[in-house]
Amino acid sequence: MISDQAKKEIDIWVAKYPEGRQSSAVMQALTIVQKENGGSLTNELKQAVADYLEMPTISVEEVATFYENYNHKPVGKHVIRFCHNISCMLNGSDELISYLEEKLDVKTGEISKDRLVSVKRVECLGACVGAPMCQIGDQYYENLTKKRIDEILDGLK
Amino acid sequence: MNNICLKSIDKDNPSSLATYETMGGYKVWRKILNGELSPEKILEELKIAGLRGRGGAGFPTGLKWSFMPRNQEGQKYVVCNSDEGEPGTCHDRDILRFNPHSVIEGMAIAGYVMNATVGYNYIRGEFMEPYYRCEEALKEAYDAGLLGTNIKGSKVCFDLYSHLGAGAYICGEETALLESLEGKKGQPRFKPPFPANVGLYGKPTTINNTESFASVPEILSRGGQWFADLGVPNSGGTKCFSVTGNVKNPSNFEIPMGTPFSDLLKLAGGLRKGRTLKGVIPGGSSTPVIPAAKAMKMTMDYDSIEKAGSMLGAGSVIVMDDTTCMVKALTRLAHFYYDESCGQCTPCREGTGWMYRVLKRIMDGQGKSEDLELLLSVQDKMLGNTICALADGAAMPVESFIRHFREEFEYYIKHGKSMVENDG
Ligand SMILES: Cc1cc2nc3c(=O)[nH]c(=O)nc-3n(C[C@H](O)[C@H](O)[C@H](O)COP(=O)(O)O)c2cc1C
Ligand code: SF4
Ligand code: FES
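If you're wondering where the values come from, they're calculated on a predicted model, not measured in any experiment.

A. Structural detail: the overall build of chain B. Within chain B, the secondary structure is distributed over 18 helices and eleven strands. Its C-alpha radius of gyration of 22 Å places chain B within 12% of the 22 Å reference for a compact globule of 424 residues. A principal-axis box enclosing the C-alpha atoms of chain B has dimensions of 75 × 45 × 35 Å. A total of 424 residues make up chain B; the buried ones form 62% of that total. Looking at chain B alone, contacts between residues at least 24 apart form 69% of all its contacts between residues at least 6 apart. When the accessible surface of chain B is summed, it comes to about 15,600 Å², and 50% of that surface belongs to carbon and sulfur atoms. For chain B, the distance from the average site of its 47 positive side-chain charges to the average site of its 50 negative ones is 1 Å.

B. Seen up close, the site of ligand 1. All names here are of chain B. In the vicinity of ligand 1 lie 18 residues, with Gly55, Lys64, Asn208, Asn209 and Ser212 positioned nearest. At a separation of 2.8 Å, an oxygen atom of ligand 1 approaches a polar side-chain atom of Asn209. Contact distances for ligand 1 include 2.6 Å between an oxygen atom and a side-chain N or O atom of Ser212. A total of 620 Å² of accessible area belongs to ligand 1 in isolation, and the protein chains cover 89% of it. The greatest single-element share of the shell around ligand 1, amounting to three residues, is contributed by strand β4 (residues 205-209). Here the residues of the shell around ligand 1 sort into four nonpolar, eight polar and six charged.

C. Just the pairing of β4 of chain B, in detail. Most of β4 of chain B sits inside the fold, with five of its five residues counted as buried. Alternating positions in β4 of chain B separate into two faces, Thr205, Ile207 and Asn209 of chain B on one and Thr206 and Asn208 of chain B on the other, with burial throughout.

D. Spatial organisation of the pairing of strand β2 (residues 118-123) of chain B. Residues and elements named next belong to chain B. Of all six residues making up β2, six are buried, and the element is well covered by its neighbours. Because side chains alternate across β2, one face comprises the buried residues Val118, Tyr120 and Tyr122, and the other comprises Gly119, Asn121 and Ile123, equally buried. Pairing of strand β1 (residues 77-82) with β2, which is carried by six bridges, proceeds in the parallel orientation. The residue bridging Val78 from the neighbouring strand is Gly119, located in β2.

E. Summary view of the side chain of Gln28 of chain A. Its place among the elements puts Gln28 of chain A in helix α2 (residues 26-36). Gln28 of chain A sits in the buried class, given a relative accessible area of 8%. Residues contacting Gln28 of chain A, with those up to four places away along its chain left out, are Trp13 of chain A together with Leu164 and Gly165 of chain B.

F. Structural context of the packing of helix α16 (residues 371-382) of chain B against helix α17 (residues 390-404) of chain B. Residues and elements named next belong to chain B. At their nearest, the axes of α16 and α17 sit 9 Å apart, and the two run at 145° to each other. Helix-helix and strand crossings are classified by hand; for α16 and α17 the assignment is left-handed. The residues of α17 that touch α16, namely those facing Leu372, Leu375, Leu376, Gln379 and Met382, are Ala391, Asp392, Ala394, Ala395, Met396, Val398, Glu399 and Ile402. A per-class count over the contact of α16 with α17 returns ten nonpolar, one polar and two charged.

G. Focus on the packing of α17 of chain B against helix α18 (residues 406-415) of chain B. All names here are of chain B. Here α17 crosses α18 at 85°, and the two axes come no closer than 4 Å. With respect to their mutual orientation, α17 and α18 come out roughly perpendicular. Note on element contacts: α18 touches α17 through Arg406, Glu407 and Phe409, opposite Phe401, Ile402, Arg403 and His404. Of the residues belonging to the contact of α17 with α18, the class tally is three nonpolar, one polar and three charged.

H. Quick peek at the site of ligand 2. Surveying the vicinity of ligand 2 reveals 13 residues, the closest of which are Cys342, Gln344, Cys345, Cys348 and Cys388 of chain B. Classifying every residue of the shell around ligand 2 gives nine nonpolar, four polar and no charged.

I. Up close: the packing of aromatic side chains. Enumeration over the complete set of coordinates arrives at 16 aromatic pairs over all chains. Where Phe66 of chain A meets Tyr67 of chain A, the ring centres are 5.0 Å apart and the plane angle is 75°; that geometry is what we call edge-to-face. A relative accessible area of 2% places Tyr67 of chain A in the buried class. With a centroid separation of 6.1 Å and 45° between ring planes, the pair formed by Phe59 of chain B and Phe67 of chain B is classed as tilted. Since its relative accessible area comes to 46%, Phe67 of chain B is described here as partly exposed. An aromatic cluster of three or more residues is present, and its members are Tyr17 of chain A together with Tyr77, Tyr120, Tyr161 and Tyr201 of chain B. A cation over a ring is seen here: Lys239 of chain B above Phe241 of chain B, with NZ or CZ 5.8 Å from the ring centre. Across the ring face of Trp354 of chain B, the terminal group of Arg357 of chain B is positioned such that the distance to the ring centre comes to 5.9 Å.

Procedures and definitions
- Residues numbered from 1 in each chain as written.
- Chains lettered and ligands numbered in written order.
- Predicted model: local features only at pLDDT ≥ 70, side-chain atom pairs only at ≥ 80, totals over all residues.
- Heavy atoms only, no water.
- Helix = DSSP H or I, 4+ residues; strand = E, 2+ residues; numbered from the N terminus.
- Rg over C-alpha atoms; globule rule 2.2 N^0.38 Å.
- Buried < 20%, exposed > 50% of the residue type's maximum accessible area, 1.4 Å probe, protein only.
- Contact = heavy atoms within 4.5 Å.
- Areas by Shrake-Rupley, 256 points an atom, 1.4 Å probe, with all protein chains shown as cover.
- Lys, Arg positive; Asp, Glu negative; His and termini not counted.
- Charge placed at Lys NZ, Arg CZ, Asp CG, Glu CD.
- Near = heavy atom within 4 Å.
- Polar contact = N/O pair within 3.5 Å; in protein donor to acceptor, adjacent residues only side chain to side chain.
- Nonpolar A, V, L, I, M, F, W, Y, C, P; charged D, E, K, R; others polar.
- Pairing = 2+ DSSP bridges.
- Axes fitted to C-alpha atoms, helices over the stretch in contact; angles between N-to-C directions.
- Left-handed = near helix turned anticlockwise from the far one by under 90°.
- Parallel < 35°, antiparallel > 145°, perpendicular 65-115°, else oblique.
- Phe/Tyr/Trp six-rings, centres within 6.5 Å; stacked < 30°, edge-to-face > 60°.
- Lys NZ or Arg CZ within 6 Å of the ring centre and 35° of its normal.

The following block contains the structure:
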């Protein structure tokens, strides 16, 4: 269920914590297997993480549902996480989110028909001086305009 | 400006060890390794410096460190709070990206003072660029023999690791952060016991904010008095402020405490053409809003902002001009707290939900004349009645927005639309 590569990555995290405290690595373990699974978690994956870290299934489930960054339904190949909190709002994020929805013909929370992108409204991502901004994968895109959004979308494959 | 935590920001390779060392970095740490600086002396300098925790509560850092039972047997921990999630706040991100060694050195010094040999830097999960910069910096520090066991033969030991979150504002609260670091849901703990006695894995632990740690090396290198004199009484030193919202050049500025707000606004390019100032949230979304006239008279330090009716908080200055619909702004914040409440305490769980629903109803044109009193009574029941301060941070803005901009709320309720032209 968990690939050898993912296990290797999880082990790096486990090694950071004291002996017997491997459950500290659960958030990263979930992040790693989610990435490998195309951006979302399944019951089997959560179970596999629980087994691998020797944690009760329920504890892994609790973590997986508590934190925002885990998805429990399939997502697009790229997830555009658009900040709509105050500093971004004051700089036009709502308008840009509407633009994005129109252009991609998706609503926030949904996946585009070609399954390439999904759009999510998220809370402050800690880059408010670059408002309006969004996150795609590991990358932040700041000072967004319609033109810049066009360019970014063109670059997504 | 930008003299301490952000001082590498304009340099080439700002985050590298070489750059850090050319700016005097690790000088204090080497002094410690040479046995030339005692924990007592460090605590004394921090006290003179007047350094107050930069994470929001403003608790004196030196005093916090002195609470740790340094002579108690067994493992102790130092934890850095790099969860930066307060809307409007983004200066820790720049410290992590551009000056990660200052955080490492600050944490190592803290470890030495409190006899804690292991540290964790809890970085919010979305901060991947800062995380990679910190990982590179850690590798450089280890390769240079500045971290590890029996460092440079000094018998001093300090190991430091980065940890990544997964998206939950509440994990910025220090005990929720510890729960999260242990691999659990980020739900704040009851206090007491305090982390200094029962912290990470049940061991004595001290948690400080990124900027607090990053300030320490420079303070010890140039002296507590030097730092204190940069600021004003009761607000020692400089502080990083994120200035965002309706300004021409939003940015982070590290400036002396006590700088007039009007000067900070100028640094950020001022307002856009033809606009006037309406209100300022001075310390991040959890702090009360201040109307323009009062804001223009305040200075950026703990006491002056408190006198103006708010708090310095995380130093996140959200500027709103006359195009801002205050009903919409408050609704957006209410949504945030409703989303982020961890749900443990009834007043917070129910109160944030109530406030958001009532505000949403007003925005949908369904507001009732009694709604403002309802909002005020809900927020009042939330204050001081919960395990952590998230509920206070959700409640205080509501009271202040209604108090200072009541006519906008009344207009929205009466007419079903915003009083502000640009916001149909
Ligand atoms: C809801 C909530 C969120 C918080 N978020 C942060 C945060 O993102 N970063 C931070 O340093 N402190 C945050 N704090 C404050 C911490 O609980 C704690 O006071 C701080 O990390 C202590 O460090 P300091 O003394 O250096 O400021 C938050 C507090 C609350 C109640
Ligand atoms: S005040 Fe709110 S966020 Fe804090 S512990 Fe209680 S329910 Fe959780
Ligand atoms: S409000 Fe959008 S990044 Fe902070």
